[in-house]
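# Tertiary structure, described
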Amino acid sequence: MATALELRSGRLRRPPAAPVRPRRGRRERRVVVVARHVVLIIATALFFGPFVWMILTSLKSSSSALVYPPTLLPHHWHFGNYLDVFRAAPFGTFYLNSIIQAVASTIGQVVTSALAGYAFARLRFPGRQLIFFILLGALLVPFQVVFVPLVHLLAALHWLNSYEGLIIPNIPSIFGAFLFRQFFMSFPAELEDAAAVDGAGILRRFISVVAPLSRGTAGAFAILAFIYNWNNFFYQFIIVNTNRYMTVQLGLVLFQSQQTASEFNLLMAASTIAVIPVLIVFLVFQRQIVRGIMLGGLK
Amino acid sequence: MEDKRSGGGVSRREEIIAGYAFVAPTAVLLSLFYFVPLIETFYYSFTKWDPASVTPAHYVGLANYRQLGGSVGFLPAVLHTLVYLAFTVPISVAVGLGLAMLLNRPFRGSGIYRTLVFTPYIAPIVGSALVFSYILSPLGGIANDLLSAFGIHPINFLAENPWAMIWLIIFSIWQVAGFNMVIYLAALASVPEVYYEAAEMDGARFFARFRHITWPLIWPSTLFLLVIGVVNSIQVFTQVYALTGGGPIDSTWTVIYWIYQEDFVYFNGGLATAGSVVLFLVGMILTLLQLRFLGRRRVEMMS
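Residues numbered from 1 in each chain as written. Chains lettered and ligands numbered in written order. Predicted model: local features only at pLDDT ≥ 70, side-chain atom pairs only at ≥ 80, totals over all residues. Heavy atoms only, no water.

### Side note on the environment of Gln182(A)
Following the sequence through the fold, Gln182(A) ends up in helix H7 (residues 174-185). Expressed as a C-alpha distance, the spacing of Gln182(A) and Phe120(A), which sit 62 residues apart in the sequence, is 9.4 Å. (Helix = DSSP H or I, 4+ residues; strand = E, 2+ residues; numbered from the N terminus.)

And the structure:
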């Protein structure tokens, strides 16, 4: 299954041993298989069902979103709901802000992390270990512990309600530096030495030889970072409170507060607008995402 | 640490300069936007500080910390956070493990199940919370439609006690279980098959195999998930803000919510940062306790 989550563990999986205990018959196993599917179908309905419900409701009329008993499919498909959402609130601006914020943060994270990871793995300079462990210490401090003074620092810089504020403090990534350090530590030195013989300097060598070869790691990290940045509500929430710089997440909260409770079809359309980009990125890149999460999670 | 790189072609001096230059963007930005505010958090927690005025903060010793105990809302916020944590963490880890056990061996369709169950973890919380508030709405929400099929009157789940907290917990479990599953799937895949084969020869049944082989071998992952589960739970904000807004009254107020309110609404910067410091210390203590008591168990079992 090409698009399925594949945990690269094939090597460890051998075909199951032939049943040793004849007691456990074919029928018993069949019951187990069916029971497992039943449990998993219920689990899938609970975990993924809300998204299906969201999309279907987003295409209903406002009265059929409230009708009892509820119907699964819309009577008429109201694609115009999406236009209404864009008309009711500046979701175009919100989208643009989210994209600028997420893309710029991601690029910054990838570039600075790759540079730092490379230096920590391959360059010798005094204090290398010390600096690395101090930076690693930041992982122990939740962002929520530093946000009060940070907001006042950013206010002093006039970075609240600005792209600078949304992007620049987000850029340093310890997780990213760690990921790239692990990668470069297992990177064959010979490849670099070939370039060194040509007399290329370190930066030159990094750009022309090392960076292109680390595309796999950079890609996996970039995808994770993009999703993280897109979803990073709390940070955006404390930085921005004007429409001009609101992201999709903030705009969604704003939109919700402006709607009357009965307009669930429009609310679900707005919700779909916020969820869909991440959902698409996830479905396309799920293998890299899962691998990245496991690398970060299991260190 | 052994250095694999041979220095050919580059002078020692150039290497040192490049080393600092490559690390600088991360180190400088992190210092400015993380380490400096961290130190400031500790500093301001000992001061009376109004972040909205130009009056400089002045030292008041431990007054803020003494005030925390008596302050309206802080202790309830701590209590709500602990209740939230006590249910969310163990249940989401158990659900993740259950899903991973069901999906460990590949079979037709297992990939689809994995993908769909994992989706809530990567979806934006604000969007998911909005869907939940529709499902739970007393007006046309399917949860209440189901109840009325059994003749039960609609319940305003997100505005009634204790339903708001219960649904906040369920929502958070729903959101994070897929992540726990992925971590457990990796752990389960690394348990050598020969162990199970040997156990099967001995006639060990499923629960015996699970207890004596699987559980001890995946314990490091369990410990990891418990530790990060606790760290994430004590700083929960977005789920609360998007789903219940802290209500009804203040029944789902959590610590971060309280800190946010003190600083951004009441401008008690000193009191807010004292709350941050307490949160930080509680997080550290809970993490160390878990590593100390739960980490040792693993060693005993593995030896």
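Picking up after the structure, the text goes on.
### Focus on the domain arrangement of chain B
Considered domain by domain, chain B is made up of domain 1 (12-44) and domain 2 (63-302). A C-alpha centroid distance of 33 Å is found between domain 1 of chain B and domain 2 of chain B. (Domains from an automatic or database assignment.)

### Looking at helix H6 (residues 142-149) of chain B
Residue and element names in this part refer to chain B. Buried residues of H6: Ala-143, Asn-144, Asp-145 and Leu-147, and no others. As for H6, its buried residues are in contact with helix H5 (125-135). Following H6 by one or two positions, Gly-151 adopts a phi angle in the positive range, close to 75°. (Buried < 20%, exposed > 50% of the residue type's maximum accessible area, 1.4 Å probe, protein only. Contact = heavy atoms within 4.5 Å.)

### Here we look at the packing of helix H9 (residues 206-217) of chain B against helix H10 (residues 219-234) of chain B
Residue and element names in this part refer to chain B. H10 packs onto H9 with a crossing angle of 55° between their chain directions and a minimal axis gap of 4 Å. With respect to each other, H9 and H10 are oriented oblique. Mapping the contact onto sequence places Trp-215, Pro-216 and Leu-217 in H9 and Trp-219, Pro-220 and Thr-222 in H10. Its residues placed into classes, the contact of H9 with H10 shows 5 nonpolar, 1 polar and no charged. (Axes fitted to C-alpha atoms, helices over the stretch in contact; angles between N-to-C directions. Parallel < 35°, antiparallel > 145°, perpendicular 65-115°, else oblique. Nonpolar A, V, L, I, M, F, W, Y, C, P; charged D, E, K, R; others polar.)

### What about the packing of aromatic side chains?
Across all of its chains, the model carries 57 aromatic pairs over all chains by this definition. With a centroid separation of 5.4 Å and 70° between ring planes, the pair formed by Trp215(B) and Trp219(B) is classed as edge-to-face. Classification of Trp219(B) by relative accessible area gives buried; the value is 3%. Of the aromatic side chains, those joined through ring pairs into one cluster are Phe143(A), Phe147(A), Phe233(A), Phe234(A), Tyr235(A), Phe237(A), Phe237(B), Tyr241(B), Trp253(B), Tyr257(B), Tyr260(B) and Phe264(B). One residue, Arg36(A), lies across the ring of Phe107(B), its end atom 4.4 Å from the ring centre. (Phe/Tyr/Trp six-rings, centres within 6.5 Å; stacked < 30°, edge-to-face > 60°. Lys NZ or Arg CZ within 6 Å of the ring centre and 35° of its normal.)

### What about the confidence of the model for chain B?
Residues and elements named next belong to chain B. For chain B, per-residue confidence averages 88 on the pLDDT scale, and 94% of positions sit at 70 or higher. Confidence drops under a pLDDT of 50 for residues 1-7, and excluding neighbours within four residues, the segment shows 20 contacts in the predicted structure. Low confidence marks residues 298-303, where pLDDT is under 50. Its contacts with residues over four positions away, or in another chain, come to 5 contacts. (pLDDT = per-residue confidence, 0-100.)

### Notes on the nonpolar core
Among the nonpolar cores identified, the biggest contains 180 residues, and Phe143(A), Met181(B) and Ile259(B) are the most heavily contacted of them. In contact with Met181(B), other than residues within four places in its own chain, are Gly96(B), Leu99(B), Ala100(B), Leu103(B), Arg114(B), Val117(B) and Phe118(B). (Core = buried A, V, L, I, M, F, W, Y, C linked by side-chain atoms within 4.5 Å.)

### What to know about the pattern of salt bridges
Summed over all chains, the structure comprises 4 salt bridges over all chains. Asp84(A) is the salt-bridge partner of Arg87(A), the closest N and O atoms lying 3.1 Å from each other. Placement of the pair is Arg87(A) and Asp84(A) together in helix H2 (residues 80-88), with a separation of 3 residues, close to one helical turn. In this structure, the salt-bridge partner of Arg105(B) is Glu193(B), at a minimum N-O distance of 3.1 Å. Of this pair, Arg105(B) sits in the loop between helix H3 (74-103) and helix H4 (110-122) while Glu193(B) sits in helix H8 (residues 193-201), and the two are 88 residues apart along the sequence. Its relative accessible area of 38% is what places Arg105(B) among the partly exposed residues. (Salt bridge = Lys/Arg side-chain N within 4 Å of Asp/Glu carboxyl O.)

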